[in-house]
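The primary structure of each chain is shown beneath.
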Amino acid sequence: MSKFYVTTPIYYVNDKPHIGHAYTTILADVLARYHRLAGDETHFLTGTDEHGLKVQQAADARGVTPQEHVDSTVVRFQEVWQRLDITHDDFIRTTEDRHRTIVQKILQDLYDRGEIYAADYDGWYDVTSETFVTEKDVDVNQTGGSTPNIIRITERNYFFRMGYYRDWLIKYIEDNPLFIQPDFRRNETLGFLKKGLNDLCISRPKSRLNWGIELPFDSDFVTYVWFDALVNYISAVGYLSDNATFEKWWPANYHLIGKDILTTHTVYWPTMLKAIGLPMPQTIFAHGWWLMGKDKMSKSSGNVVNPLALSEKYGVDAFRYFLMAEMPLGQDASFSEEAFTRRYNTDLANDLGNMLSRVLKLVNAYCDGRIPEPGPAGNEEEALRQACLKAAQEMLVSVTEMRLDKGLAGLSGVVRETNRYLEVRQPWTLAKTGQTELFNTSMYYAAEALRIVSGMLHPVMPGKMSALRQALGVGADAPAYDTLAVWGQLAPGTAVTKPESLFPRIETKVAGKDKTEAKSGTPAKAASSEEGVALIEYTDFARVELRTARIVAAEKVNGAEKLLYLDIDVGGEARKIVAGIAQHYTVDELPGKTIVIVANLKPAKIRGLKSEGMLLAASHGDQLRLVTVDGVLPSGGTVR
Ligand code: MSP
């Protein structure tokens, strides 16, 4: 067993929680839950950043003290985390004594050792962001001198010898590729460092700002908010207050951050730690931004997504699932309710919902509500068993590789695989025709697949998966990976309950723009791609199940000169599809060909005939040829 210490940024207590905050916190929660599931001892820290000018101004505007102000606003974050099922082990507030005293001890120690020194500063200061800025940030044209928020100041201040650590930091980052992730963010930091690194001003005179931690060696100053805030990652786990706890958790395994706070975390924080004399965190991981279409979410544009409104509308678990499955970690993703609905309906309402209701309904209808004893396994069963165990294992790998979207796509694949398995075995027919042994086997295998998949999805959708697992008779508690990595843990005789609809379908209004999107099959996200090229994510592609199929027979469709009706075999499953190829192929030349079909297309009625899939063909002008497989392969194979 190993330990896992994960942190989120501490959020500005003045802000209203939005999807950006919710995303980082849900991500940390999901990682923490997967590590607990894997048996790791886990510590998950979040909290709030409560000092600074904006807090002071907001308190003044309300006519309350800054402390009263933060005490009333911090509740917004605490409540949201509770509603979103966040299982943090600790919530730190920078106004707590346990934090304040440690910041002061660190400052005193650095000052005593000459790492912090006093100097006169003469230059530009941005009052809004509370940072010193350079000449080029001052918009001379606009105001004939400076922007309204940038003022010229000459004052005495305290500086941290950050520049001294530049060469060390460059080397450390180059020697430790996992330190800053993803790779392109590492390069961003290196680029920044190579331009040179100044010392960091870590004080603010009380005449300008007094809501902060007083410098222990000069009571005319408070500490710069970022220097104060970053220390939370060590003050919360007992640095200089509880050695045993600190030794247990530090260094952190993951600091999760958004890409906008990369420099503070990958330059300020490591140099501070180095000066303090502490080891570096293992990985600082910067995720991308949630955009509205192509635009940044911002309060001024009024396009900020409120996480609570969405999770109340569609359920906390569906919201958590969407955020994790939709964003390839590290990149930006665009948020839209259509994208949410599409993913919800496909992965949850259709695929998982079908699997769950089929298993529970059939066990209730034909086995007195008890999981039956399986008979001997055939090839189909063995394939399903292997697919489940592989997806479970790969989900954990995707956690360590920070590719949750990939792991979840794999689990969705197994759900579809199980539905396909049920369609091949047709247990409803087996039950009616008295083929009890095969029926029992197929029910056991599908139920066991459900046990594993629901267990592996539990960290992402704890509420719904607990309900599902309770219905399946395996208990509502968070499962352990040990039980999910082994097939056959579901005891025959286990009582299941009647299915409840865990993911009711969201009905969408197909109108205007949505309709075109639905028709062309182009995901909304693609619309945000650059230069008119419809780029899709891998996960979009992974939702299309391409398989090899063998044509068994072909016939003409009465009254439709372009259509043929084909009997095909997809890995032992007989299907029928209508194909518009009659002008290019005769019925006799088709049988025996191994073609490629879209196997998870919703069945459709064409000219009154049921069509279960779509074949792929290449065309150019008037020509059309089928996409076939080069060489001999059994049907039902995966095409990638
Ligand atoms: N208080 C500092 C962090 C100090 S950590 C020692 C801070 N707070 S914040 O509340 O402004 O932002 C917290 C996080 O939310 C950042 O990681 C930021 O990237 C993230 N997000 C804010 N908007 C976002 C999106 N639209 N999308 C994804 N995350 C974004 O910065």
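Residues numbered from 1 in each chain as written. Predicted model: local features only at pLDDT ≥ 70, side-chain atom pairs only at ≥ 80, totals over all residues. Heavy atoms only, no water.

Draft legend 1. Broad picture of the sheet that holds strand β19 (residues 560-570). A sheet is described by the order of its strands in space; here 5 strands give the open sequence β20-β19-β18-β21-β24, paired in antiparallel fashion. Every interior strand has two partners, whereas the edge strands, β20 (573-579) and β24 (614-615), have only one. Lying over the sheet, helix α16 (residues 404-425) contacts β18 (546-557), β19 and β20, oriented at roughly 100° with respect to β20. (Pairing = 2+ DSSP bridges. Helix = DSSP H or I, 4+ residues; strand = E, 2+ residues; numbered from the N terminus. Contact = heavy atoms within 4.5 Å. Axes fitted to C-alpha atoms, helices over the stretch in contact; angles between N-to-C directions.)

Draft legend 2. Structural context of the pairing of strand β3 (residues 41-49). Burial runs high along β3: 8 of the 9 residues are buried. Summarising the sheet, strand β1 (residues 3-7) and β3 pair through 5 bridges and their orientation is parallel. Across the sheet, residue V6 finds its bridge partner in β3, namely F44. The pairing of β3 with strand β4 (residues 90-93) spans 4 bridges and is classified as parallel. Each bridged residue has a counterpart across the sheet, and for L45 the counterpart in β4 is D90. (Buried < 20%, exposed > 50% of the residue type's maximum accessible area, 1.4 Å probe, protein only.)

Draft legend 3. Examining the packing of aromatic side chains more closely. A full pass over the atoms with the stated rule returns 31 aromatic pairs. Between the aromatic rings of Y117 and F159, the centroid separation amounts to 5.9 Å while the plane-to-plane angle is 25°, which identifies the pairing as stacked. Remark: F159 occurs in strand β7 (residues 150-160) and Y117 occurs in strand β5 (residues 116-126); sequence separation between them is 42 residues. Here a set of aromatic residues connected by ring pairs shows up, and it is made of Y23, W290, Y314, F322, F335, F340, Y344 and F503. Above the plane of the ring of W124 lies R152, whose end atom (NZ or CZ) is 5.0 Å from the centre. (Phe/Tyr/Trp six-rings, centres within 6.5 Å; stacked < 30°, edge-to-face > 60°. Lys NZ or Arg CZ within 6 Å of the ring centre and 35° of its normal.)

Draft legend 4. Main features of the site of the ligand. Contacts to the ligand come from 23 residues, most closely from I10, D49, G258, D260 and W290. D49 has a polar side-chain atom sitting 2.8 Å from a nitrogen atom of the ligand. At 2.8 Å, a backbone N or O of G258 approaches an oxygen atom of the ligand. Protein chains bury 95% of the 670 Å² of accessible surface belonging to the ligand in isolation. (Near = heavy atom within 4 Å. Polar contact = N/O pair within 3.5 Å; in protein donor to acceptor, adjacent residues only side chain to side chain. Areas by Shrake-Rupley, 256 points an atom, 1.4 Å probe, with all protein chains shown as cover.)

Draft legend 5. Quick look at the nonpolar core. By size, the foremost hydrophobic cluster in this structure holds 102 residues, and its most contacted members are Y34, W290, M324, L408 and M456. Those residues in contact with Y34, other than ones at most four positions away along the chain, are M395, L396, V399, L404, L408, M456, L457, P459 and V460. Ranked by size, the runner-up nonpolar core spans 58 residues in total, among them Y5, L193, I234 and A252. (Core = buried A, V, L, I, M, F, W, Y, C linked by side-chain atoms within 4.5 Å.)

Draft legend 6. Molecular detail of the side chain of T73. Positionally, T73 belongs in helix α3 (residues 66-83). Here T73 is in contact with V13 and R62, once residues within four sequence places are set aside.

Draft legend 7. Region of the structure containing the pairing of β20. Within β20, 5 of the 7 residues are buried, leaving the element largely enclosed by the surrounding structure. Hairpin connection from β19 to β20: 2 residues lie between these consecutive antiparallel strands, with G571 at a positive phi of about 60°.

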